[in-house]
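# Residue-level structure breakdown
In case you want the letters, here they are:
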Amino acid sequence: MSVRRDRFDAALADRLHRLDDEREQAAAARAWTAVRAAYDARDPLAAGRAAGGDAHRDAAAWAGTDGAAGGGARGRGRRGASARRGARRARRWGVALLVALGGAALALGPAGAKVGDWIGRTFDPPAGRALPADGRLLVSDPTGAWIVQRDLSARWLGAWSTASWSPRGLFVLATRRDLLAALDPRGQVRWTLSRPHVSHAIWSRGDGYRVAYRSRRQLRVVAGDGSGDRALAARTAAVTPAWRPGPAHDHVLAYATPRGGVVVRDVDAVASWEGPTPRPAGWLPSGAPAPALAVPVRRGKPVRAIAWAGRDRLLVLRRDRLDLLALDGRRLATARPPWPGFLGGNLAVGPDGRVAAFVAFDRVRGASELRTVRLDPPPSRRAGGASGIDRPVRLRARMRFAGPGGFGEVAISPDGRWAGVWWPAGDRWVFARTTGPRRVTAVGRVSRRLDPGTRARASVAGSPVGVSGWMP
Amino acid sequence: MALVSDTIAAVLPLPGRDRREEVAQPSDRTLIAAARRGEEVALERLFRRHWGAAYRVALLITRDHAAAEDVAQEAFVAAVGRLDRFDRRRPFAPWLARIAANRAIDWARARGVRREVDATAAPEPAAQGSERPREPACSEELLAAFAALTPEQRAVVVLRHLLDYSPGEIAAALELPRGTVNSRLRRGLDALARELREEMG
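Keep in mind it's a predicted model, so treat the numbers as computed, not measured.

## Re the packing of aromatic side chains
Inspection of every chain in the model, using the stated rule, returns ten aromatic pairs over all chains. Summarising the aromatic geometry, the rings of Phe92 of chain B and Trp95 of chain B are spaced 5.8 Å apart at their centres and angled 65° between planes, so their arrangement reads as edge-to-face. Highlighted residues: Phe92 of chain B and Trp95 of chain B, both in helix H6 (residues 92-113), separated by three residues, approximately one helical turn. On the basis of relative accessibility, which here comes to 3%, the residue Phe92 of chain B falls in the buried class. The lysine or arginine in question, Arg176 of chain A, covers the ring of Trp160 of chain A, its NZ or CZ lying 4.5 Å from the ring centre.

Structural data, given as C-alpha cells:
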C-alpha cells in the first residue's frame, strides 16, 4: 500500500513538474507590466527608508505581509500585531526624520537635489490660495495622477493615464494602456487587472461593488475587489459609462453605443428585466440579455458624455446639444448652443442632481466654454412622485467661463456650488460658481507646480490634463 | 532599459529544475536588496525566477488560467508593495507562494458563491491581441482531476508536490497546524488518485 502511494506521489510530482502551459509566458509578460507599475508607484518615502538603512527593519519584518497575502479567514497571527504597531511608530519617526532631512537638504543647496527629486513631486502651495470648496481633487497631468488637498498640497499616485474616485473617495481607479488598477490614496496598488487598451473606468455609486471599464471597444464589468471580470457589451462608444445613483445594491449602468444610442442595463440582471415600456419600432435593438432601456439612435450625432440626473433621468451630451431624457427614452428638454461647430465635451452632475456642468468647444472661434445647467428637482422629490416627470423641464445652459483652446475634464465640488476645469492654455485650474451670479477663481502655474520637468510639454502642447473628480 | 516584456519571453525556470543554474545567479536576498535600492533589473530577475511557481500554484488551485494570471500578478504586486518591509533574512519564495496560495484559495471560494454577470452576448476578448494560445498539452486533464479537491486541499498538494515543500514548511507558510496539513494532503492525494487512477496506473 505504502509503496503504491509513494509511486503515485512520485508520479504526481513528476507530472506537476512537467506541467507545460504556454499561456504562462504570455501571462508573465502582461503581469510584468503591472508589477513594474507597482514598483514605479512605490511610496518614495518607503524607498527612501529602504535605501537609507534598516534601522527599523526588525520591528517591521513581516509586518503587514499577512494583509498582502489576502488570506481571508486563515490565521492572521497575533505575532504580527506588536510588530505592526512597532512598524507604524518607526514609520512615523522615519517619515518625520526624512521630511526634515529633505527640507534641510533642499534649503542647504545642491547637495539636496536628489532628495528634492521626490520632494519636488509635492505640490508647492501658493501662499494664501486654496480650492474654493472643501474636498480633494483628483487630477491628471502628463506625469500621472495626483490627489490635491484643499490647501493645494498634493500627492503623486503614479504614472497613470486616467484616474477616478471610488464612491466614498477611499480608493482611486487608475488606468494605463493595458492595465486597470485600484489604488489607495497613497498610490499603493490594491489590485490590478490586465486587459488590452483599458479606458473609461468608473466605480459604481452606492456600495462600489462594481467597476465598469472599456477594453478596446468592449464594455466590461468587474467586482470592486477585482474579481469576476465579465464582458457586458461587445461594441461601445468611447464614452465613460455612468452608474445610476441610488441604493447601495443598485448596479444600473448607462453607456453609449457607436451609432449614437444610449443603453441602460442592470449589470446584475440576467434576462429578467422588463423595461418600463415595450421597445418602440425603430429604436436601437439592445442585443443584450437584460436591456432596461434603449434610447433612439440619432444618426450623425455621436454621444460625447452621459450622466445621471437623479434616478430617473439621463443627461446626454451630443455633438450638437444637451438632452435630458426620461428612462423610457422620451426627451424632456434640450439645450442647444448658440453657435455652429459645437463639440460636446465633458459633463458632470452635482451630488444632489440639481446642477450639471459641461465643456463645449467652438471650432470656429477655437475657444472653449464651461457652461452650467440648473436642473429641476428629480420627480421623486416633487409632490406627486413619478407623475412629475411629465411636467415640462427647462434646460438653460449658462456660460460661466470661456477661454482660448480646449478644456480638460470637469468636476463639481461635493457641495455642488463650484465646477472645476483644467484650462491648458492658461495653465490653470479654473473654478466657476455653478449657480447664482457668475464668479470665477483660478489656481495658476499648475503644470509647473505639479512637475517642473514637464512644464513646457504641458502648457505648450495642451496635454490631456484634467480634473477627474472632487471628493469630500 | 530594454523592454522587459521581450526579455520575459525567456524560458521561465521550473522550481527544482534549475538548481545548478541558480548557483551562478545572485541570491533572492541580493536581488531584494538591489530592488529596494531602486534597481528595476533586480526586480525583473526576481520576477522571472519566481513567476512560474506563483502562476502554477494559482493555476492548480483556481483551475482557471485568467484567474491564475490575476492571482499571481497580485501576489507580485503585493510583494512589491511591501518590499521595503521585507525581512531579507527570510526566504522570498515561500512568502510569495503563501500569498499566491491564499489569494487563489480566496478566489476559488468566492467563485462558488459569487453571482456573476451574464455576458453571453459578447465574446471574451483575446488576452493580448491575437495571441490566443493553442490548446495546452496535458494540463487540462490534471486541472480536471484537481476539481475533485477542495481549494484548501489543492493548496497543500501543490505546495508539497510542485514546490517540494515539507509538511512543516507548508504548515508554516499557510499558518496551519501540521496535523491539518497532513490530513489535507492525504485526503487530497486520495481524491487525486481516484481521479487519475486509470491514467497513472
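## Focus: unusual backbone geometry
All names here are of chain A. Backbone geometry at Arg177 places phi at a positive 45°, although glycine is not the residue there. Assignment of secondary structure puts Arg177 in the loop between strand E5 (172-176) and strand E6 (179-183). Taking the relative accessible area as the measure of exposure, Arg177 reaches 59% and is therefore exposed. The phi angle at Arg216 is positive, at roughly 55°, despite the residue not being glycine. The topology assignment puts Arg216 in the loop between strand E9 (210-215) and strand E10 (218-223).

## What to know about the confidence of the model for chain A
Residue and element names in this part refer to chain A. Here chain A averages 69 in pLDDT, while 64% of its residues score no lower than 70. Confidence over residues 43-87 falls short of pLDDT 50; this stretch has 81 contacts with residues more than four positions distant or in other chains. Taken together, the stretch residues 93-128 has pLDDT below 50 and engages in 35 contacts with residues farther than four places along the chain or on a different chain.

## With respect to the pattern of salt bridges
Residues and elements named next belong to chain A. Scanning the model with the defined rule gives 19 salt bridges over all chains in all. Here Asp320 ties to Arg336 by a salt bridge, and the two come within 3.7 Å at their closest N and O atoms. Placement of Asp320 in the loop between strand E17 (313-318) and strand E18 (322-326) and of Arg336 in the loop between strand E19 (331-335) and strand E20 (342-349) is noted, with a sequence separation of 16 residues between them. Here Arg321 makes a salt bridge to Asp323, at a shortest N to O gap of 2.8 Å. Each member of the pair, Arg321 as well as Asp323, carries the same accessibility label: buried. When salt bridges that share partners are traced, they join Arg318, Asp320, Arg321, Asp323, Arg331 and Arg336 into one network.

## Comments concerning the packing of helix H3 (residues 28-36) of chain B against helix H4 (residues 40-62) of chain B
Residue and element names in this part refer to chain B. Interhelical geometry of H3 versus H4 gives an angle of 140° and a closest axis separation of 8 Å. One element, H3, and the other, H4, form an angle in the oblique class. Where H3 crosses over H4, the handedness of that crossing is left-handed. Only Ala42, Leu43, Arg45, Leu46, Arg49 and His50 of H4 make contact with H3, whose side of the interface consists of Asp28, Leu31, Ile32, Ala34 and Ala35.

## Some points on the sheet that holds E10 of chain A
Residue and element names in this part refer to chain A. Taken together, the four strands give an open sheet; going across it, the order is E8-E9-E10-E11, and neighbouring strands pair in antiparallel fashion. Of all the strands in the sheet, just strand E8 (198-203) and strand E11 (230-233) have a single pairing partner and so form its edges. In this sheet, adjacent strand axes meet at a mean angle of 30° when their direction is disregarded. Two strands pair when backbone bridges link them, and E9 and E10 are joined in this way by six bridges, in the antiparallel orientation. Across the sheet, Arg210 pairs through a bridge with Ala223, a residue of E10.

## A closer look at the sheet that holds strand E4 (residues 162-165) of chain A
Spatial ordering of the open sheet is given by E4-E5-E6-E7 (chain A), a layout of four strands whose pairing is antiparallel. Each end of this open sheet is capped by a strand with a single partner; those strands are E4 and strand E7 (189-194) of chain A. The sheet shows a mean angle of 20° between the axes of neighbouring strands, taken without regard to direction. By the bridge criterion, four bridges tie E4 of chain A to E5 of chain A in an arrangement that is antiparallel. Its bridge partner lying in E5 of chain A, Thr162 of chain A is registered against Thr175 of chain A. Relative to the sheet, helix H5 (residues 65-81) of chain B contacts E6 and E7 of chain A, its axis offset from that of E7 of chain A by approximately 145°.

## What to know about the packing of H4 of chain B against helix H8 (residues 151-161) of chain B
Residues and elements named next belong to chain B. Contact pair H4 / H8: the axes reach a minimum separation of 9 Å and the direction vectors enclose 145°. The two elements H4 and H8 meet at a crossing, and its hand is right-handed. Along its contact with H4, which presents Val57, Leu60 and Ile61, the element H8 presents Pro151, Arg154, Ala155, Val158 and Leu159. Looking at the contact of H4 with H8 residue by residue, the classes come out as seven nonpolar, no polar and one charged.

Calculation rules
- Residues numbered from 1 in each chain as written.
- Chains lettered and ligands numbered in written order.
- Predicted model: local features only at pLDDT ≥ 70, side-chain atom pairs only at ≥ 80, totals over all residues.
- Heavy atoms only, no water.
- Phe/Tyr/Trp six-rings, centres within 6.5 Å; stacked < 30°, edge-to-face > 60°.
- Helix = DSSP H or I, 4+ residues; strand = E, 2+ residues; numbered from the N terminus.
- Buried < 20%, exposed > 50% of the residue type's maximum accessible area, 1.4 Å probe, protein only.
- Lys NZ or Arg CZ within 6 Å of the ring centre and 35° of its normal.
- pLDDT = per-residue confidence, 0-100.
- Contact = heavy atoms within 4.5 Å.
- Salt bridge = Lys/Arg side-chain N within 4 Å of Asp/Glu carboxyl O.
- Axes fitted to C-alpha atoms, helices over the stretch in contact; angles between N-to-C directions.
- Parallel < 35°, antiparallel > 145°, perpendicular 65-115°, else oblique.
- Left-handed = near helix turned anticlockwise from the far one by under 90°.
- Pairing = 2+ DSSP bridges.
- Nonpolar A, V, L, I, M, F, W, Y, C, P; charged D, E, K, R; others polar.

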